[in-house]
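Here are the chains, one letter per residue:
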Amino acid sequence: MKRITKVLSVILVAVILASLLNIGTLAANYQSISVGEVVYASADVNYGKLALEFVPEESGAYAFYSMGDYDTRGYIFDSKMNNLCESDDYTDLNFYAVCNMTAGQKYYLRSELYSNDGYGEYSVTVEKVQPAEEIFIYHGGETIGYVGNYLSLECMAEPEEAYAGEIYWESDNEDVAYVDYSEGSYCELFLVSSGKANITVTTDTGLTDTVEITARDIPEMLVDSPEYLSFGVNGGTRYFHFAP
């Protein structure tokens, strides 16, 4: 038993050392980049891959993004090569990856093309991003929906284009409406039963906003009983059930 334990311990140490060696080898191949510096990559060499090393002088949010006419994607890793964030097609083809970083810590940035069929080059850079001062839920007046259907919400940051951080959505009454799907600033609710629910958006930077939504039972439509709709409410969309 002791011999087995010793063998397992040796294997475990070997795995850890191999992992550290792999990270060190990868880090040795990373080119240094600073804020505002532009680095170019050849699109026809190794899928246009770039491996960069970045150490921020100040803590805050930083963006790593590409510029050019190629379909690119980018990744940000911490010093242990844990994937912090990734991005693709922020503006059709270019990526825009953003995350909070700590001054003096080392981060690894990678970019690449989807295919290796291009010629020429694309470029990447790093910039410090202005933090958002406020976040609010934009709904265009659409806070009323009907049971069994979906209601969409979106949040926006102020100032415009500022970085709000990671975004989370939640409902205080999931018996009425629950978050069926969310991705960043977009949220889709499923309406379970008639009633009201407060939908809150929160960021990891401490910003929050709440809006009240109403779920209604689908009304019955009767023969020869016209219903009038307003284009200003739910885009002029309403649901009815009809039993002839």
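Relevant structure appears above.
So, a few notes on the structure that sits alongside this text. (Residues numbered from 1 in each chain as written. Predicted model: local features only at pLDDT ≥ 70, side-chain atom pairs only at ≥ 80, totals over all residues. Heavy atoms only, no water.)

**Focus on the overall build of the protein chain**
Phase 1: Scanning the protein chain for helices and strands turns up one helix and 17 strands.
Phase 2: For the protein chain, the proportion of its 244 residues judged to be buried stands at 34%.
Phase 3: Taken as a whole, the protein chain presents about 14600 Å² of accessible surface, with 51% of it coming from carbon and sulfur. (Helix = DSSP H or I, 4+ residues; strand = E, 2+ residues; numbered from the N terminus. Buried < 20%, exposed > 50% of the residue type's maximum accessible area, 1.4 Å probe, protein only. Areas by Shrake-Rupley, 256 points an atom, 1.4 Å probe, with all protein chains shown as cover.)

**A look at a negative patch on the surface**
Phase 1: Taken together, the side chains of E133, E134, E158, E160 and E161 make up a negatively charged region of the molecular surface.
Phase 2: Considering the arrangement of structural elements, one finds E158 in strand 12 (residues 150–158).
Phase 3: A residue is classified by how much of its surface remains accessible, and E158, at 34% relative accessible area, is partly exposed. (Patch = residues over 30% accessible without salt bridge, like charges linked within 9 Å, V, L, I, M, F, W, Y side chains within 5 Å. Salt bridge = Lys/Arg side-chain N within 4 Å of Asp/Glu carboxyl O. Lys, Arg positive; Asp, Glu negative; His and termini not counted. Charge placed at Lys NZ, Arg CZ, Asp CG, Glu CD.)

**What about the side chain of S171?**
Phase 1: Looking at the element boundaries, S171 is found in strand 13 (residues 167–171).
Phase 2: For S171, a relative accessible area of 13% translates into the label buried.
Phase 3: Among the polar contacts listed, one links the side chain of S171 to the backbone nitrogen of N173, at a separation of 3.1 Å.
Phase 4: There is a polar contact of 2.7 Å between the side chain of S171 and the backbone oxygen of A177.
Phase 5: Discounting residues that sit within four places of it in the chain, S171 has contacts with A177, Y178, V179, A197, N198 and I199. (Polar contact = N/O pair within 3.5 Å; in protein donor to acceptor, adjacent residues only side chain to side chain. Contact = heavy atoms within 4.5 Å.)

**A word on the pattern of salt bridges**
Phase 1: Under the defined criterion, the tally for this structure stands at three salt bridges.
Phase 2: Ionic pairing is found between E53 and K106, a salt bridge with its closest N-O pair at 3.8 Å. With E53 in strand 3 (residues 50–54) and K106 in the loop between strand 7 (96–101) and strand 8 (107–113), the pair connects residues that are 53 residues apart, well separated along the chain.
Phase 3: According to the relative accessible area criterion, K106 is partly exposed, its value standing at 34%.
Phase 4: Between K196 and E212 there is a salt bridge, and its shortest N-O distance comes to 4.0 Å. Here the residue K196 occupies a position in strand 16 (residues 195–203), and E212 occupies one in strand 17 (residues 208–216), the gap between them amounting to 16 residues.
Phase 5: Owing to a relative accessible area of 47%, K196 belongs among the partly exposed residues under this scheme.
Phase 6: Classification of E212 as partly exposed rests on a relative accessible area of 43%.

**Structural notes on the sheet that holds strand 1 (residues 31–32)**
Phase 1: Taken together, the five strands give an open sheet; going across it, the order is 1-3-8-5-6, and neighbouring strands pair in mixed fashion. For this open sheet the edge positions go to strand 1 and strand 6 (83–88), each flanked by a neighbour on one side alone.
Phase 2: Relative to strand 6, strand 5 (residues 72–77) is paired through five bridges, and the arrangement is antiparallel. Residue pairing across strands places G74 opposite S87, the latter belonging to strand 6. (Pairing = 2+ DSSP bridges.)

**Quick word on the sheet that holds strand 13**
Phase 1: Taking strand neighbours across the sheet as the criterion, the four strands line up as 11-17-16-13 in an open arrangement whose pairing is mixed. Of all the strands in the sheet, just strand 11 (144–146) and strand 13 have a single pairing partner and so form its edges. Direction aside, the axes of adjacent strands within the sheet are offset by 30° on average. (Axes fitted to C-alpha atoms, helices over the stretch in contact; angles between N-to-C directions.)

**As for the environment of G48**
Phase 1: Tracing the chain through its elements places G48 in the loop between strand 2 (38–42) and strand 3.
Phase 2: Separated by 22 residues in sequence, G48 and Y70 place their C-alpha atoms 9.6 Å apart.

**So, the side chain of E112**
Phase 1: Mapped onto the fold, E112 is located in strand 8.
Phase 2: Its relative accessible area of 10% is what places E112 among the buried residues.
Phase 3: In terms of polar contacts, E112 uses its side chain to reach the side chain of R73, at 2.8 Å.
Phase 4: In this structure the side chain of E112 is engaged in a polar contact, spanning 3.4 Å, whose partner is the side chain of Y75.
Phase 5: What E112 contacts, discounting residues up to four positions off in sequence, is Y47, G48, K49, D71, T72, R73, Y75 and Y122.

**What to know about the packing of aromatic side chains**
One pair of aromatic rings is described through two measures. These are the centre distance and the angle between the planes.
Phase 1: Enumeration according to the criterion identifies eight aromatic pairs in this entry.
Phase 2: Aromatic side chains Y75 and F77 sit 6.2 Å apart centroid to centroid with 25° between the ring planes, which places their arrangement in the stacked category. With respect to class, Y75 is no different from F77; both count as buried.
Phase 3: Ring pairs connect the aromatic residues Y150, Y178 and F190, which therefore count as one cluster. (Phe/Tyr/Trp six-rings, centres within 6.5 Å; stacked < 30°, edge-to-face > 60°.)

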